[in-house]
Amino acid sequence: MRFNRITFNNYRCFLNGSIDFVKSPNKNMTVLIAPNGGGKTETLFAFWWTLYDYDFSKLTNKEQTPYALNSALYRKLEQSETGAKEECSVILEFEENNITYQVKKRCEYRKTDKRIKVQEFRELSNFKENGELSLKIEDVELINKKLSRIIPKNILYGIIFDGERMQKLNTADESSVNAIRAVISDITNVELLENCSENFKRIKRKLNKNIKRVENNKPTTKSLENILNDESAKSKERKDLSNDLIS
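Residues numbered from 1 in each chain as written. Predicted model: local features only at pLDDT ≥ 70, side-chain atom pairs only at ≥ 80, totals over all residues. Heavy atoms only, no water.

**With respect to the overall build of the protein chain**
Then, number 1: When helices and strands are tallied, the protein chain shows eight helices and five strands.
Then, number 2: Listing every helix and strand of the protein chain by position from the N terminus yields β-β-α-α-β-β-β-α-α-α-α-α-α.
Then, number 3: Accessible surface, the protein chain: about 16800 Å² in total, of which carbon and sulfur atoms supply 49%. (Helix = DSSP H or I, 4+ residues; strand = E, 2+ residues; numbered from the N terminus. Areas by Shrake-Rupley, 256 points an atom, 1.4 Å probe, with all protein chains shown as cover.)

**Observations concerning the environment of Ala-84**
Then, number 1: By the element assignment, Ala-84 lies in the loop between α2 (71–78) and β3 (85–96).
Then, number 2: The residues touching Ala-84, leaving out its near neighbours within four places in the chain, are Leu-77, Tyr-109, Arg-110 and Lys-111. (Contact = heavy atoms within 4.5 Å.)

**Comments concerning the pattern of salt bridges**
Here the idea is simple: oppositely charged side chains can pair when their charged atoms come close.
Then, number 1: A complete count under the given rule lists 10 salt bridges for this structure.
Then, number 2: Linking Glu-87 and Arg-106 is a salt bridge whose minimum nitrogen-to-oxygen distance equals 3.2 Å. Of this pair, Glu-87 sits in strand β3 while Arg-106 sits in strand β4 (residues 99–111), placing them 19 residues apart in sequence.
Then, number 3: The partly exposed category is assigned to Glu-87, whose relative accessible area is 29%.
Then, number 4: Note on Arg-106: relative accessible area 23%, which makes it partly exposed.
Then, number 5: Here Lys-128 and Glu-132 are joined by a salt bridge, their closest N and O atoms 4.0 Å apart.
Then, number 6: Look at Lys-128 and you get partly exposed, because its relative accessible area is 42%. (Salt bridge = Lys/Arg side-chain N within 4 Å of Asp/Glu carboxyl O. Buried < 20%, exposed > 50% of the residue type's maximum accessible area, 1.4 Å probe, protein only.)

In structure tokens:
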């Protein structure tokens with residue numbers, strides 16, 4: 001899975017612009033360099049917000065802007081007449097298995113008599129061989145199902161670190177240790193790996209037991225050839241399972 005580009009429109013501290021990520025097969029890292037307040041963290045949050053939503057009201061030690069719309073535009077909208085509206089959006093383009101996808105998240109803010117109402121929209125599509133976009137999917141459940149197979153939410157959570165979270169992880173206390181353990185669990189899915197490890201050990205013990213029975217000429221319902229063929233098939237299944245876990 002590889003990110004290609006992210007495009008902003010009136011999102012948070014950005015107005016308009018895009019970032020193209022490295023596509024060279026020899027390089028798989030893009031470094032964002034900017035001063036404090038330059039939008040590095042906001043860029044990370046844009047991935048989360050676009051793919052799986054993000055509650056900006058939970059942010060601390062930052063400007064109190066619990067919304068995705070650019071703060072200057074939001075304040076302007078607050079002073080506008082009833083019926084005025086503003087929009088913000090983020091478009092994320094990424095590749096998976098030689099297919100290029102595009103996720104667009106859009107929010108519409110409309111001024112009413114008493115408050116500002118927000119409507120959120122998200123759509124998923126992919127580029128066809130001729131370069132055109134396919135028909136967009138707008139069903140939230142279907143979008144989440146497709147995205148979860150490409151970049152699961154727990155993996156995304158594990159790779160997004162802003163300065164505040166890094167500072168918490170850097171403290172030598174119990175909360176820091178628990179946070180690190182949680183991140184490792186998010187990324188590696190330790191429980192699933194442990195279950196797989198136990199299954200592999202069980203299969204290995206059974207194989208060794210059957211081989212010893214054959215070597216000792218004890219009666220067995222299967223020949224050595226059949227046992228080895230069965231284990232070869234199981235080995236292929238384990239390899240496929242490992243590939244699925246890695247992907």
